[in-house]
4 protein chains.
Amino acid sequence: TKLWGGRFEESVTDAVERFTESISFDKQLYKHDIMGSRAHASMLAHQGLMSCSDRDSILQGLDEIESQIEGGNFKWRTDREDVHMNIEAALTDLIGEPAKKLHTARSRNDQVLTDFRLWCRDAIDAILSRIKHLQVALVTLAEKNEGLIVPGYTHLQRAQPVLLQHLLLAFVEQVQNLLLATCSTAGTGLPIDRFMTSKDLGFTAPMSNSIDAVSDRDFVLEFLSANSITAIHLSRVGEEWVLWASEEFGFLTPSDRVSTGSSIMPQKKNPDPMELVRGKSARVVGDLVSLLVLCKGLPLAYNRDLQEDKEPVFDSVKTVIGMLEVSAEFAQNITFNRERIKAALPAGHLDATTLADYLGIPFRTSHDIVGRSVALCVSKNCQLQDLSLEELRSINPVFDKDVYGFLGVENAIKKFCSYGSTGAEQVASQLQYWINKLNLNRGNDQ
Amino acid sequence: TKLWGGRFEESVTDAVERFTESISFDKQLYKHDIMGSRAHASMLAHQGLMSCSDRDSILQGLDEIESQIEGGNFKWRTDREDVHMNIEAALTDLIGEPAKKLHTARSRNDQVLTDFRLWCRDAIDAILSRIKHLQVALVTLAEKNEGLIVPGYTHLQRAQPVLLQHLLLAFVEQVQNLLLATCSTAGTGLPIDRFMTSKDLGFTAPMSNSIDAVSDRDFVLEFLSANSITAIHLSRVGEEWVLWASEEFGFLTPSDRVSTGSSIMPQKKNPDPMELVRGKSARVVGDLVSLLVLCKGLPLAYNRDLQEDKEPVFDSVKTVIGMLEVSAEFAQNITFNRERIKAALPAGHLDATTLADYLGIPFRTSHDIVGRSVALCVSKNCQLQDLSLEELRSINPVFDKDVYGFLGVENAIKKFCSYGSTGAEQVASQLQYWINKLNLNRGNDQ
Amino acid sequence: TKLWGGRFEESVTDAVERFTESISFDKQLYKHDIMGSRAHASMLAHQGLMSCSDRDSILQGLDEIESQIEGGNFKWRTDREDVHMNIEAALTDLIGEPAKKLHTARSRNDQVLTDFRLWCRDAIDAILSRIKHLQVALVTLAEKNEGLIVPGYTHLQRAQPVLLQHLLLAFVEQVQNLLLATCSTAGTGLPIDRFMTSKDLGFTAPMSNSIDAVSDRDFVLEFLSANSITAIHLSRVGEEWVLWASEEFGFLTPSDRVSTGSSIMPQKKNPDPMELVRGKSARVVGDLVSLLVLCKGLPLAYNRDLQEDKEPVFDSVKTVIGMLEVSAEFAQNITFNRERIKAALPAGHLDATTLADYLGIPFRTSHDIVGRSVALCVSKNCQLQDLSLEELRSINPVFDKDVYGFLGVENAIKKFCSYGSTGAEQVASQLQYWINKLNLNRGNDQ
Amino acid sequence: TKLWGGRFEESVTDAVERFTESISFDKQLYKHDIMGSRAHASMLAHQGLMSCSDRDSILQGLDEIESQIEGGNFKWRTDREDVHMNIEAALTDLIGEPAKKLHTARSRNDQVLTDFRLWCRDAIDAILSRIKHLQVALVTLAEKNEGLIVPGYTHLQRAQPVLLQHLLLAFVEQVQNLLLATCSTAGTGLPIDRFMTSKDLGFTAPMSNSIDAVSDRDFVLEFLSANSITAIHLSRVGEEWVLWASEEFGFLTPSDRVSTGSSIMPQKKNPDPMELVRGKSARVVGDLVSLLVLCKGLPLAYNRDLQEDKEPVFDSVKTVIGMLEVSAEFAQNITFNRERIKAALPAGHLDATTLADYLGIPFRTSHDIVGRSVALCVSKNCQLQDLSLEELRSINPVFDKDVYGFLGVENAIKKFCSYGSTGAEQVASQLQYWINKLNLNRGNDQ
């Protein structure tokens with residue numbers, strides 16, 4: 001029978017029990033539920049609302065239950081509704097009367113929110129460590145690929161040449177922002193200090209934050225938003241690597257450890273993990289939308305709808321952790337095809353902007369001159385550096401023979417010098433910055 | 001080792017295997033996978049691409065595997081990736097060589113789509129039967145509550161009186177639209193006839209619809225859209241019943257069979273199932289958004305991202321079925337509080353519009369007259385029928401003593417007569433329409 | 001002053017007026033509002049609820065107002081709240097007393113829904129014509145590119161060769177499904193017949209569908225779902241063309257009429273319209289989500305929230321029409337680079353599956369043999385057709401010299417023969433099917 | 001002709017121009033675009049890349065253009081594509097040659113992101129001031145309603161009595177979290193210091209953050225997430241006030257200044273502004289989803305899709321500001337119906353939990369005793385305080401006559417004493433905290 005059954009004469013129907021149960025998913029809060037009950041019992045004893053011997057029975061009982069659960073020997077019962085009631089009822093079975101005093105001055109609404117906040121705090125830690133791990137993998141990959149020039153794209157059209165290291169460090173930088181955003185979630189939404197203080201003091205006020213506390217799910221929305229941004233971000237990394245792994249780009253080859261084959265086409269080697277990183281972003285966004293829809297238009301304080309807040313979070317966290325782990329592993333298992341990339345570089349007039357910089361005349365005018373030079377290349381099917389000085393001068397007499405020091409991707413790369421650009425020195429100093437920041441102690445052999 | 005392992009030298013990492021596996025959820029397609037393989041084997045034999053004895057071995061083997069699965073004796077293996085490979089490999093273990101011929105002229109991409117379409121077809125049937133069941137529950141509830149007048153609301157402000165039956169039949173009508181929309185999903189998106197024809201002919205073309213077939217997920221998007229509309233619809237029913245069950249409305253009482261209590265407040269009786277119906281709409285919308293995000297911007301043909309198409313559908317179907325079942329059960333377990341409703345009716349000037357109709361003068365003028373009459377009631381804290389003829393005439397001389405035949409909710413209800421209105425005859429004929437349509441054979445005792 | 005001002009003593013604040021106004025967007029319903037009022041006046045006269053001369057004044061007044069609006073001479077007033085009140089009040093200014101009778105037996109809630117349904121009906125027609133137009137553009141493009149073989153992809157990895165015509169017809173086919181889905185929206189959600197019947201009979205029941213009619217927004221949700229599916233679909237076409245236009249693929253070149261340049265990189269030629277087709281899918285999905293969130297958890301009948309139903313629909317329709325138009329125009333303005341495609345074909349072992357078919361042994365065995373053949377090619381950096389018969393036989397003695405008739409993409413294409421495949425005859429007959437279906441009368445000159 | 005037209009021979013089609021234009025919405029960035037160009041010109045001059053006299057011409061020209069725009073005398077041209085090109089081209093028309101040098105070392109991608117970040121910074125300031133304004137309105141409302149007890153709800157069922165002030169301060173508290181979250185968005189996502197530093201130094205590096213800078217939209221996603229959380233939050237406030245304004249609750253009456261009437265039902269007084277606050281949350285969520293869908297799966301660096309990033313932000317900001325303003329105005333224009341609330345308080349056994357606290361025995365036991373007491377009340381249709389001591393003792397002998405000091409809502413409120421509870425002293429001290437924090441200097445008259 002239900003613990004709230006006092007004024008109830010009939011039990012709920014099977015369909016209702018099945019539809020409203022939460023034990024199938026909220027049982028994963030067990031560790032945090034027990035943690036909260038320990039603190040609550042200690043506080044009750046400290047405040048004189050419970051004897052010390054009752055408290056000790058409770059603490060011992062909770063230890064016993066925790067090891068039952070971790071040993072797989074705990075029997076979860078659907079008729080006991082949720083993780084809180086399961087543990088409390090098991091405690092009563094185990095230690096009898098003192099267990100009944102544990103629920104003094106707290107409601108399940110308080111309890112579930114405390115548990116869930118503690119769980120989220122751990123989840124944020126787990127995500128942060130994966131973000132850092134991904135950064136390490138990217139920096140390591142950058143270190144291995146010094147000097148490699150690749151095309152930079154906008155509109156998926158070739159734009160300017162960039163050092164691969166520059167591009168990989170852009171990923172590292174972006175991932176750093178995710179880390180900051182996630183931390184800020186922890187900061188604003190999760191009253192971590194309060195839990196800590198509460199615990200240190202052995203004190204939790206009954207109904208301490210009454211209305212606000214039980215109805216607010218902003219910390220969950222913030223967490224799922226941060227996860228969605230991370231996931232969308234990683235979906236773009238996924239798209240990028242999938243493109244680069246295609247026959248047409250051919251810039252990278254994933255090792256067998258991070259590729260799969262086809263059941264019908266024996267020649268295929270698919271970069272599946274990154275396709276799934278791209279795809280799984282969708283469920284993280286779906287989880288956020290679920291929570292937003294859930295909370296929309298709910299009247300104040302607790303409504304049973306809010307039971308639905310947990311599964312999207314569990315799913316979101318599990319997915320984001322998987323995406324981060326697999327992205328790191330992919331970075332550890334790819335080889336850039338230097339020869340192929342080098343052969344591909346001439347196409348696309350990547351040096352056109354450098355040429356405009358060379359001219360040193362008003363940009364709108366030089367843009368026009370270079371535009372006509374490129375048009376000439378297109379009609380002759382050649383590169384800018386293949387045009388003779390006469391040809392260039394026939395477009396505009398401003399050209400001189402030193403122009404050839406600005407043409408070709410190697411020359412173009414050398415001309416970048418401003419802060420944050422893809423110039424070799426700039427990139428080397430950025431790389432060193434990240435090696436230090438991530439404490440990648442490379443020893444003497446580097 | 002993987003079935004596509006020919007050119008692969010290393011196996012994938014654990015993290016990749018865990019992240020990319022689908023067997024944990026796609027195994028629920030087993031029945032439809034076996035159904036598809038039976039048809040495929042028959043076709044191959046018919047076309048002379050396989051011997052009849054090989055076909056018979058395969059069919060027998062599939063029977064054996066199906067009963068293993070249903071008996072819980074089948075061992076699903078993650079290293080065999082998905083439901084298709086698990087069944088095919090088990091078939092090979094069981095019958096040897098002939099099993100290797102089964103994959104002739106089909107790819108896993110074809111296979112999974114066929115399986116999934118068949119699964120969705122069954123899911124649509126399951127939803128349709130629950131929709132009809134809900135209609136039966138609502139019509140039955142309407143039959144039990146003849147003559148009960150309740151306030152009609154707009155803006156959650158009282159508007160005009162309506163018969164409760166009229167309101168319940170509005171639900172039935174809306175649910176009918178859901179049924180039509182779901183059917184239309186089945187119609188446009190799911191090429192059911194083709195499956196049937198294919199089966200009858202014992203014939204499936206290899207790569208039959210090559211590009212279109214393997215990349216298109218429109219049928220899934222249509223299905224999840226239909227589910228979302230159903231879910232949002234039910235969320236509104238949930239809101240309505242939760243309001244009606246509140247102390248403030250007090251219009252209905254759910255039985256103990258569909259309510260729950262509070263762990264801390266012994267007096268509470270919460271309409272949880274309908275709160276959760278309202279809340280669970282959120283995950284159905286989230287599932288739709290996941291699929292839309294998933295498909296957005298994918299290049300043509302199969303991409304591994306699309307593996308993510310199944311879990312949202314499984315979740316959406318399970319949730320919608322639960323919502324429909326519980327809504328029907330709630331309708332079967334509520335009592336309308338006739339006395340309480342009757343006592344509440346006078347408030348809110350529900351008869352004001354009827355009064356405007358009475359005046360028989362240009363509506364904009366009568367609206368103004370009635371508006372001033374209501375203002376007089378508000379200042380006197382009385383009902384329209386409590387105003388004396390003199391008071392009414394002081395507002396406008398158009399009033400005569402027959403006005404009292406239009407005041408009060410019972411009179412107001414009687415004045416409704418147009419098609420589809422809440423007039424008693426109209427509603428009775430609507431009710432009879434639905435009793436017939438739903439084949440509710442009530443026998444002689446009614 | 002507001003038309004409902006009878007019992008109100010103060011007018012709303014500026015901020016409230018600004019926040020709640022709808023005239024800035026709902027004025028685009030004017031044509032359908034006037035259409036509805038015409039039918040309503042005729043019905044009222046027919047039912048004896050209004051004199052014929054009043055009706056005639058009203059009809060004449062509405063004509064006058066309609067031409068004022070279309071001539072840009074109508075003054076929309078925010079203090080008159082919405083399109084309905086603006087037109088009704090202008091009518092009163094114009095013809096006096098009879099105008100006040102027009103609102104008999106209808107509420108604004110009825111009116112706005114009628115207007116909106118009529119508007120959506122027109123919008124669906126507009127979309128359907130654009131879908132057909134896109135099909136014509138695609139079929140025309142297919143006709144121009146007979147015989148061109150391109151790589152088929154899964155996982156963005158090269159899979160099998162396909163005829164470009166086959167691929168373009170896959171688009172035509174998919175777009176046909178969008179057309180069916182959109183039609184079905186019209187069918188289930190929009191009670192078109194009822195409007196027509198109503199109009200023919202000159203009859204609309206007052207409060208005809210009272211509760212259901214005013215609160216239900218399922219037809220809007222269905223429409224926005226259909227638009228979202230269309231938009232997501234087109235986002236994939238956008239992705240495809242953007243990839244093909246890249247330097248790396250280099251399969252197509254858009255004409256200057258559908259490309260743009262860069263303000264800084266003179267050599268760039270960007271396929272912007274298709275990038276925006278991909279990107280604008282996002283707002284169509286956002287519009288759907290807005291409507292779903294809007295309706296979630298609303299209590300029955302009209303709530304002012306529902307005013308928010310129109311802007312997302314207007315935006316969705318405008319965007320989808322633009323996406324379809326631009327997609328058609330892009331198809332009319334691209335050239336496939338035959339030489340470049342031909343040169344690219346050998347890479348990727350597109351004939352591997354054909355080789356497996358050649359072997360004629362159990363598929364799982366042949367998959368393995370071909371896999372090892374491909375591995376040999378990879379190590380030798382050559383194509384399958386470059387392997388000598390000895391080399392092939394060293395892998396498995398099953399090979400004979402007729403194997404070379406199956407290798408190379410031209411041979412591979414010739415081997416496709418099943419219904420719906422990319423074989424030349426199959427594709428030609430599909431193309432003819434679409435030419436006929438779309439009534440593309442090509443005359444004798446083709 | 002377009003500014004990038006060098007190598008282009010034909011201009012784009014009308015449909016493409018219409019579909020790809022952004023000037024219709026990005027012109028609202030004009031102020032920030034001019035601000036950015038001023039800083040850029042100064043930097044170029046400082047670095048010796050432009051003469052001081054050119055810079056001065058540019059600065060003067062920009063001043064002139066700014067006042068033209070603000071005076072409504074600037075002619076925006078669609079053929080000049082966007083706000084950047086419109087201003088630059090107008091500058092060239094105005095000052096000639098020097099204007100052509102302004103685009104040195106920056107791309108439109110840099111420019112638009114700088115403009116947009118500056119715009120968002122201002123938008124965040126605007127939102128923060130509205131959040132604070134809403135807090136002031138709520139605290140002022142609380143001050144006016146000292147001592148008023150209202151029912152507290154969970155599951156929309158009456159739970160425990162609370163002071164209205166406590167509830168209003170819960171809103172203030174929640175809104176404070178929104179403020180923190182919005183600030184944190186500003187902190188992590190918007191590199192404000194960098195802009196400021198850049199400006200102070202008169203220095204911006206060409207391509208300063210090349211890849212990362214132009215492709216990243218995380219700051220937009222963070223901003224829209226913060227807005228969505230705010231909007232969902234306010235939707236709940238909207239729901240609450242709409243419920244309270246209903247006839248059934250009857251707890252508050254909005255003044256005419258924040259209500260509207262019905263075109264057909266003269267007695268109606270609808271709390272439309274708060275219905276629309278609830279409803280408009282939907283578009284804010286839709287805007288967030290649009291951005292998430294937009295960014296999903298995009299390859300690195302700028303893609304034209306990203307042009308779609310602005311309208312959702314403009315719409316989101318405008319909507320959230322409106323929601324906050326109207327919520328504040330509603331709070332300033334409502335009256336709580338003290339008599340009606342007082343009359344309603346006895347129902348619902350709000351003192352049941354206090355009774356459980358009274359018992360001072362293990363909570364699970366007392367829960368059961370109180371549950372049975374409530375059941376007795378339900379059967380006798382009375383309140384807990386109406387039960388005689390004998391009746392109470394028949395349930396359990398633990399009751400004594402001091403129990404009556406715990407029954408009734410006034411007594412129940414007095415028993416709350418823990419930190420953060422709804423006890424009178426606690427609430428008074430919270431109120432004082434907020435008066436101080438918001439600098440509500442009340443002078444001597446309070």
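Details of the structure are given in the entry above.
Here's what I pulled together on the structure shown here. (Residues numbered from 1 in each chain as written. Chains lettered and ligands numbered in written order. Predicted model: local features only at pLDDT ≥ 70, side-chain atom pairs only at ≥ 80, totals over all residues. Heavy atoms only, no water.)

Remarks on the overall build of chain A
Defined as follows: Working definition: helices are DSSP H or I runs of at least four residues, strands are E runs of at least two. Numbering for both runs from the N terminus. Partly exposed residues are those whose accessible area sits between 20% and 50% of the maximum for their type, while under 20% is buried and over 50% is exposed, using a 1.4 Å probe and protein chains only. Throughout, a contact is declared for two residues whenever any of their heavy atoms are within 4.5 Å. Only the protein chains shown count as cover for residues, and all accessible areas are computed by the Shrake-Rupley method using a 1.4 Å probe.
From N to C terminus, chain A includes 18 helices and 4 strands. Looking at chain A residue by residue over its 446 residues, the buried ones come to 65%. Contacts in chain A between residues at least 24 apart in sequence constitute 74% of all its contacts with a sequence separation of at least 6. Roughly 15400 Å² of accessible area belongs to chain A as shown, and the carbon and sulfur atoms make up 49% of that amount.

Here we look at the environment of Gly371 of chain D
With respect to the secondary-structure elements, Gly371 of chain D resides in helix α16 (residues 363–380). For the pair Gly371 of chain D and Leu324 of chain D, spaced 47 residues apart in the sequence, the C-alpha separation amounts to 42 Å.

Quick word on the pattern of salt bridges
Applicable threshold: Salt bridge, as applied in this entry: a Lys or Arg side-chain nitrogen positioned within 4 Å of an Asp or Glu carboxyl oxygen.
Considering all chains together, one arrives at 96 salt bridges over all chains under this definition. The partner of Glu247 of chain D in a salt bridge is Arg340 of chain D, and the shortest N-O contact between them spans 3.9 Å. With a gap of 93 residues between them, Glu247 of chain D in the loop between α11 (218–245) and β3 (252–254) and Arg340 of chain D in helix α14 (residues 338–344) connect regions that are remote in the sequence. Accessibility expressed as a relative area gives 28% for Glu247 of chain D, which makes it partly exposed. Each of Lys280, Arg283 and Asp315 of chain A together with Glu308 and Glu311 of chain B takes part in salt bridges that share partners, so that together they form one network.

Regarding the interface of chain C and chain B
For clarity, the threshold we go by: Buried area counts how much accessible surface, traced with a 1.4 Å probe, disappears from two parts once they are put together, with both parts' losses summed. Here a polar contact is recorded for every N or O atom pair within 3.5 Å, except that within protein the pair must consist of a potential hydrogen donor and a potential acceptor, and residues adjacent in sequence are included only if both atoms are side-chain atoms.
At the junction of the two partners, chain C supplies 84 residues and chain B supplies 84 residues. Roughly 7000 Å² is buried in total at the junction of chain C and chain B, and carbon and sulfur atoms are behind 61% of that figure. When the area that chain C buries against chain B is broken down by residue, the three leading residues are Arg236, Leu300 and Arg364 of chain C, summing to 12%. Run the count over chain C and chain B and you get 0 salt bridges. Along the contact surface separating chain C from chain B lie 12 residue pairs in polar contact (both at pLDDT 80 or more). Elements represented by at least two residues in the side of chain C that touches chain B include exactly α5 (83–95), β1 (149–154), β2 (157–163), α7 (164–189), α9 (210–215), α10 (218–245), α11 (272–295) and α15 (363–380) of chain C.

Brief notes about the relation of the copies chain A and chain D
The condition is simple: What sets the superposition is a least-squares fit of C-alpha atoms, and only residues with pLDDT of at least 70 in both copies go into it.
Superposing chain A onto chain D requires a rotation of 180° together with a translation of 0.0 Å along the rotation axis, leaving an RMSD of 0.1 Å. Look at the turn and shift together and you get a two-fold axis relating the two.

Considerations on the relation of the copies chain C and chain B
At an RMSD of 0.1 Å, chain C and chain B line up after a rotation of 180° and a shift of 0.0 Å along the axis. Taken as a fraction of all interface residues of chain C, those also at the interface in chain B reach 100%, which identifies the copy contact as same-surface.

Observations concerning the packing of helix α3 (residues 30–46) of chain A against helix α4 (residues 52–70) of chain A
To describe two helices that pack against each other, one gives the angle between their axes and the distance between the axes. Residues and elements named next belong to chain A. Keep this limit in mind: Whenever a helix is involved, its axis is fitted only over the stretch in contact; in every case the axis is a line through C-alpha atoms, and angles between N-to-C directions fall within 0 to 180 degrees. Orientation categories follow fixed angle ranges, with anything under 35 degrees roughly parallel, anything over 145 roughly antiparallel, 65 to 115 roughly perpendicular, and all other angles oblique. Residues are grouped as follows: Ala, Val, Leu, Ile, Met, Phe, Trp, Tyr, Cys and Pro are nonpolar; Asp, Glu, Lys and Arg are charged; every other residue, Gly included, is polar.
Relative orientation of the contacting elements α3 and α4 amounts to 175°, with a least axis distance of 10 Å. Taken as axis vectors, α3 and α4 run roughly antiparallel relative to one another. Mapping the contact onto sequence places Tyr30, Lys31, Ile34, Ser37, Arg38, Ala41, Ser42 and Ala45 in α3 and Arg55, Ile58, Leu59, Leu62, Asp63, Ile65, Glu66, Ile69 and Glu70 in α4. Across the contact of α3 with α4, the residue classes break down as 9 nonpolar, 2 polar and 6 charged.

A few points about the interface of chain A and chain D
At the junction of the two partners, chain A supplies 84 residues and chain D supplies 84 residues. Taken together, both faces of the contact between chain A and chain D bury some 6900 Å²; the carbon and sulfur share is 61%. The largest contributions to the chain A side of the interface with chain D come from Arg236, Leu300 and Arg364 of chain A, which together make up 12% of the buried area. Sorting the residues of the side of chain A that touches chain D by element identifies α5 (83–95), β1 (149–154), β2 (157–163), α7 (164–189), α9 (210–215), α10 (218–245), α11 (272–295) and α15 (363–380) of chain A as the ones contributing at least two each. Broken down by class, the residue content of the side of chain A that touches chain D amounts to 36 nonpolar, 29 polar and 19 charged.

Comments concerning the pairing of β1 of chain C
Residues and elements named next belong to chain C. Using the following cut-off: In this analysis, strands are considered paired if DSSP registers two or more bridges between them.
Of all 6 residues in β1, 6 are buried, a share of seventy percent or more. Pairing of β1 with β2 involves 5 bridges; the strand directions are antiparallel. Residue pairing for β2: Thr154 is matched across the bridge by Gln157. Counting the residues that bridge the hairpin from β1 to β2 gives 2 residues, and of these His155 lies at a positive phi of roughly 55°.

Description of the packing of α10 of chain A against helix α12 (residues 310–332) of chain A
Residues and elements named next belong to chain A. For clarity, the cut-off: For a crossing to be left-handed, the near helix must be turned anticlockwise from the far one by less than a right angle; the clockwise case is right-handed.
Running from N to C, α10 and α12 point in directions that differ by 30°, and their axes come no closer than 10 Å. As summarised for this structure, α10 and α12 are arranged roughly parallel, according to the angle between their axes. The way α10 lies across α12 gives a crossing that is left-handed. Residues Val220, Phe223, Leu224, Asn227, Thr230, Ala231, Leu234 and Trp241 of α10 pack against Pro312, Val313, Ser316, Val317, Val320, Met323, Leu324, Ser327 and Phe330 of α12.

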